[in-house]
Amino acid sequence: MSKEIKISVRSLVEFILQSGNLDNTRSGKNEVEAMHAGGRVHRKLQKQMGADYTAEFPLSITLPITYDDVSFDLTVDGRADGIIMNNLIKDDEFSLLIFEDEDKNKPEITIDEIKGVYMDIAHLTEPVSVHRAQAMCYAYIYALKYQHSRIGIRLTYCNLETESLKYFEEAFSLDELKSWFDKLINEYSKWAVWQMKWLNKRDEEINKLDFPFDYREGQKELVTGVYKTILRKKKLFIEAPTGVGKTISTVFPTVKAMGVGIVNKIFYLTAKTITRTVAEDTFHLLSEQGLSMKVTTITAKEKVCILDKPDCNPISCPRAKGHYDRVNDAVFDLLSCEGNQITRDLILSYANKHNVCPFEMSLDVTLWSDAIICDYNYVFDPNVYLRRFFMNDKQEDYVFLIDEAHNLVERAREMYSAVLLKDDFLKVKRHIKDGNAKLIKLLDQCNKDLLKLKRECDEFEIVQEINGIYMHLMGLMTEYEAYLQEYKSSDGSEEIIKLYLDIRHFLAIYEILDDNYTIYTDYDEGDRFRIKLQCMDPSRNLMKCYERGRSAVLFSATLLPIAYYKEQLGGKKEDYAVYAPSSFGIENRLIMVAADVSTKYTRRNKREYGKILEYIKEFTNLRTGNYLVFFPSYQMMQSIYDLAEGEIDGLVMQSSNMTEEERESFLEEFVEEPEVSRVAFCVMGGIFSEGIDLKSSRLIGAVVVGTGLPMVCNERELFRGYFDAKNDKGFDYAYLYQGMNKVLQSAGRVIRTKEDRGAILLLDERFLQAQYYSLFPKEWFPFESVYLDSMTSMVTDFWKETNNSDH
């Protein structure tokens, strides 16, 4: 079977022709096109064209390539914005299209490439080189296919506010384009040859690969289910208790599907660094079984930057100057090395060797990777998603493996929301001072718009429409773009660029506003006035992202109720949902609910805190070991910690804003078979409530204080009202499901392997109400309702049985 490599026109020209500096102060040169709002302009301009204009014309060319003794087919494809038939008339008698002879110098066909921009197009003196190259590629493919010896290109730039247009036109002979295109393909060929050799090796090894363990109960069915989901181009939602082996059960069948050509790239998406490590370990495990796959982990820019704070321009960073001139050599060097696990350390090493930005280099490496481990935002966030894969909204054979998927609901709501702070306009105005009178005037106008809304807002106000503000922001963006074209880094540069990016995101979100959004104004924690476009239900936006790939598998130990997560995370009726059975025996765990304590706001007092402390003290005194105690807030944690000091041995408390090193140090103290107990106070929903893996005797018990319900606030009440109107489940959607997920995650730190034994104590009488316990996972039944005395005897008996089984 002859192999084929595919690449889009855009990816080809951006990859081969990129050059020059990394420069965050030059928005126009490196990112002149307005990525989101540009689509609207495309459609409007295309509709205005006459009968001689064909919009969104698909073009493709397949070339037989022989390079370095390797032969294969290379397909370059894309969609031209428009095909213009010049001098066209219709002969009604014969229904033929013929060309008039009025302008012999004008080509019969012109390829139109449309770009919507915020900048003042008067500043454009020539087309952006990669835009011109895209049009030239389409022109060559069209001229060759339809036998035109001469063809034109037109770059159409449209300002998004004024809709004024600027054109750049050129004409080429077919021979000129062929010579240029052949050179482009020849430069790309060494990369394509590397890729072809690699794919052959990779697929051969994948097809030999066997599952690395004996299947646990239900695990083979889970693996099969994932494979069938990918085969059928569906989504699968998996609720799988800890210990089922979710990661290997999703990665292995996806890798096998890649080996037979069903999948061409795997995106393993996580919310936290610690789960990224689990994914890396899983791919490493398969590599020890003989698998060769290029697996790249994308690390946040702040964590790999050589500067104390990222500032990507040639003045601030020595690696920014000429970065694009060197980065392709750096990537090829890295790909040619022996290591297939492209980790943070490996990226840093090669970036240092070639004097390039490690973060930007890691993004370039993903083009050649088989699997990418990264945060959710690289696929879903409209600000930072990987445009090299998802820009054209074209469906590719990508599979999205979404770990800890319960986190994606809130994360997606924030990704698809936008906020502007009134104070930021005043700050930028002060920084610019007398530098640009027109820009200052426009900033002033937007500030006045927000001031008017502020006067109408005592605390929280829903706003029905903001068309006037939108138009003023559009005008501001045009002048802002022009300002940044000539901008030199100075004091306040961070705030100037931040506001620019915030406005651009705000305008982009405004473009997709629908009935899943609410606009409101309020004051943040620092009493600063703001306006927010709040995404209430992210399902529609997520659905559009899934459509860029073949299949998605969403999994978590706490995806309950699964119908809620399926709905909010963009599942369709025909998509699948499974509940994987637990591999743990119920005799290994003890789950108790205290029937006489509560953390309701009306009962948060010293007396109630004293009762809670008595339960914690007794529970942790009954056996020497490591315990985690989770609280619904820092405030309550601190209050009970103050009472507990001197009362509980081995007491420690999580601090806010811990560094990675501090977190690791905190967890390292949870040693196996400790001689003295360690009782750690932590916050539900925080860094220690999910994703940490304390196996065996490193953790023997967890206490969960309260139901985890979010604090009542204006935004939560907004969600409550929205979903009450939509499905009469406002409290559940706004408070209950989010709170209970934190509870389940916190309790899930206990019992990580089949051999573990542990006890879980839930301290809130509300857990005995059906509304709450109906959300317990199946393996939590039966659970015990206890008071302090009965808890003591139950825990004592449980640990006696443990001692007996140990002997």
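Quick caveat: nothing in here was measured; it's all calculated off a predicted structure.

Some points on the overall build of the chain
And then number 1: The secondary structure content of the chain amounts to 28 helices and 27 strands.
And then number 2: In terms of overall dimensions, the chain has a C-alpha envelope of 100 × 70 × 55 Å along the principal axes.
And then number 3: Buried positions account for 56% of the 807 residues belonging to the chain.

A look at the packing of helix α10 (residues 323-335) against helix α11 (residues 344-354)
And then number 1: As a packed pair, α10 and α11 sit with axes 10 Å apart at the nearest point and diverge in direction by 135 degrees. It follows that α10 is oblique to α11 by the angle criterion. Considering how the two elements wind past one another, α10 and α11 form a crossing that is right-handed. Along its contact with α10, which presents Arg 326, Asp 329, Ala 330, Asp 333 and Leu 334, the element α11 presents Leu 346, Ile 347, Tyr 350, Lys 353 and His 354.
And then number 2: In terms of residue class, the contact of α10 with α11 is built from 5 nonpolar, 1 polar and 4 charged.

Considerations on unusual backbone geometry
And then number 1: For the peptide bond that leads from Leu 560 to Pro 561, omega is -5 degrees, which places it in the cis range.
And then number 2: On the secondary structure map, Pro 561 appears in the loop between β19 (551-556) and α21 (562-568).
And then number 3: Look at the link from Phe 781 to Pro 782: it is a cis peptide, with omega at -5 degrees.
And then number 4: Turning to its location among the elements, Pro 782 is positioned in the loop between α27 (770-773) and β27 (784-786).
And then number 5: With phi around 60 degrees, Glu 163 is a residue other than glycine that occupies positive phi space.
And then number 6: As for its placement among the helices and strands, Glu 163 is situated in the loop between β7 (150-159) and β8 (165-173).

Structural notes on the pairing of strand β9 (residues 235-239)
And then number 1: The buried fraction of β9 amounts to 5 of the 5 residues, a majority that puts the element mostly inside the structure.
And then number 2: Neither face of β9 is exposed, since Lys 235, Phe 237 and Glu 239 on one face and Leu 236 and Ile 238 on the opposite face are all buried.
And then number 3: Relative to β19, β9 is paired through 5 bridges, and the arrangement is parallel. Looking across to β19, one finds that Lys 235 is bridged to Ala 552.
And then number 4: With 4 bridges joining them, β9 and strand β20 (residues 576-579) adopt parallel strand pairing. For Ile 238, the partnering residue across the bridge sits in β20 and is Val 578.

Thoughts on the pattern of salt bridges
And then number 1: Scanning the model with the defined rule gives 35 salt bridges in all.
And then number 2: Between Arg 716 and Glu 410 there is a salt bridge whose closest N-O contact spans 3.3 Å. Linking Arg 716 in helix α25 (residues 714-727) with Glu 410 in helix α15 (residues 408-415), this pair joins segments that are 306 residues apart in sequence.
And then number 3: Overall, Arg 716 belongs to the buried group, its relative accessible area being 7%.

Section: the side chain of Gln 219
And then number 1: Within the fold, Gln 219 resides in helix α6 (residues 219-231).
And then number 2: Given a relative accessible area of 2%, Gln 219 falls into the buried group.
And then number 3: Ignoring any residue separated from it by four or fewer positions in sequence, one finds Gln 219 in contact with Phe 211, Asp 214, Val 244, Gly 245, Ile 248 and Ser 249.

Points about the environment of Ala 133
And then number 1: Among the structural elements, Ala 133 can be located in helix α4 (residues 129-145).
And then number 2: Distance from Ala 133 to Glu 14, taken between C-alpha atoms, is 8.8 Å for residues 119 residues apart in sequence.
And then number 3: Dropping the residues within four chain positions of it, Ala 133 is found in contact with Val 13, Leu 17 and Trp 180.

Quick notes on the sheet that holds strand β17 (residues 517-523)
And then number 1: The strand order across the open sheet built from 4 strands is β15-β18-β17-β16, with neighbouring strands paired in antiparallel fashion. Of all strands in the sheet, those with a lone pairing partner are β15 (418-421) and β16 (460-463), marking the two edges. Going from strand to strand, the sheet's axes swing by 20 degrees on average, the running direction of each strand aside.
And then number 2: In this sheet, strand β18 (residues 529-535) lies alongside β17 in antiparallel orientation, the contact comprising 7 bridges. Of the residues in β18, the one forming a bridge with Tyr 520 is Lys 532.
And then number 3: Against the sheet, helix α17 (residues 437-455) engages β16, β17 and β18, with an angle of about 90 degrees to β18.

Concerning the environment of Leu 736
And then number 1: Position of Leu 736 relative to the elements: it lies in helix α26 (residues 730-747).
And then number 2: Assessed through its relative accessible area of 2%, Leu 736 is described here as buried.
And then number 3: Residues Leu 736 and Leu 709 lie 27 residues apart in sequence; the distance between their C-alpha atoms is 6.1 Å.
And then number 4: The contact partners of Leu 736, leaving out residues within four places of it in the chain, are Leu 709, Phe 731, Gln 771, Tyr 772 and Leu 775.

Considering the confidence of the model for the chain
And then number 1: Taken as a whole, the chain shows an average pLDDT of 91; of its residues, 94% reach a score of 70 or greater.
And then number 2: Every residue in residues 27-33 scores below 50 in pLDDT, and together they form 23 contacts with partners more than four places removed in sequence or on other chains.

Quick notes on the packing of aromatic side chains
And then number 1: The full count for this structure, using the stated rule, is 49 aromatic pairs.
And then number 2: Taking the centre distance of 5.9 Å and the plane angle of 80 degrees together, the rings of Tyr 157 and Phe 168 count as edge-to-face. You can see Tyr 157 sitting in strand β7 and its partner Phe 168 sitting in strand β8, a full 11 residues away along the chain. For the pair formed by Tyr 157 and Phe 168, the shared burial category is buried.
And then number 3: Both rings, one in Phe 211 and one in Phe 252, keep their centres 5.2 Å apart while their planes meet at 85 degrees; by these two values the pair is edge-to-face. Linking Phe 211 in the loop between α5 (174-208) and α6 with Phe 252 in helix α7 (residues 246-259), this pair joins segments that are 41 residues apart in sequence.

Cut-off values and rules
- Residue positions within a chain follow its written sequence, with the count starting from 1.
- Owing to the predicted nature of the model, reporting of local features is limited to residues with pLDDT of at least 70; listing and counting of side-chain atom pairs is limited to 80 or more, with chain, interface and lining totals taken over all residues.
- To obtain the side-chain values, all non-hydrogen atoms of the structure were included, while hydrogens and water were left out.
- A run of H or I in DSSP counts as a helix once it spans at least four residues, and a run of E counts as a strand once it spans at least two, with each numbered from the N terminus.
- Accessibility here uses a 1.4 Å probe with only protein chains present; expressed as a share of the type maximum, an area under 20% marks a residue as buried, one over 50% as exposed, and anything in between as partly exposed.
- Angles run from 0 to 180 degrees between N-to-C directions of axes, and those axes are lines fitted to C-alpha atoms, restricted for helices to the stretch in contact.
- For classification purposes, angles smaller than 35 degrees are called roughly parallel, those larger than 145 roughly antiparallel, those between 65 and 115 roughly perpendicular, and all remaining angles oblique.
- Crossing handedness is read from the near helix: turned anticlockwise from the far helix by less than a right angle, it gives a left-handed crossing, and turned clockwise, a right-handed one.
- Contacts are residue-level and defined by heavy atoms, with any inter-residue pair within 4.5 Å sufficient.
- Only Asp, Glu, Lys and Arg are considered charged in this grouping, and only Ala, Val, Leu, Ile, Met, Phe, Trp, Tyr, Cys and Pro are considered nonpolar; every other residue, Gly among them, is considered polar.
- Note on pairing: DSSP must find at least two bridges between two strands before they are called paired.
- We count a salt bridge whenever a side-chain nitrogen from Lys or Arg sits within 4 Å of a carboxyl oxygen from Asp or Glu.
- pLDDT: the predictor's confidence for each residue, scored from 0 to 100.
- Between rings of Phe, Tyr and Trp, where Trp is taken as its six-membered ring, a pair exists when centres lie within 6.5 Å; planes separated by under 30 degrees are stacked, by over 60 edge-to-face, and by other angles tilted.

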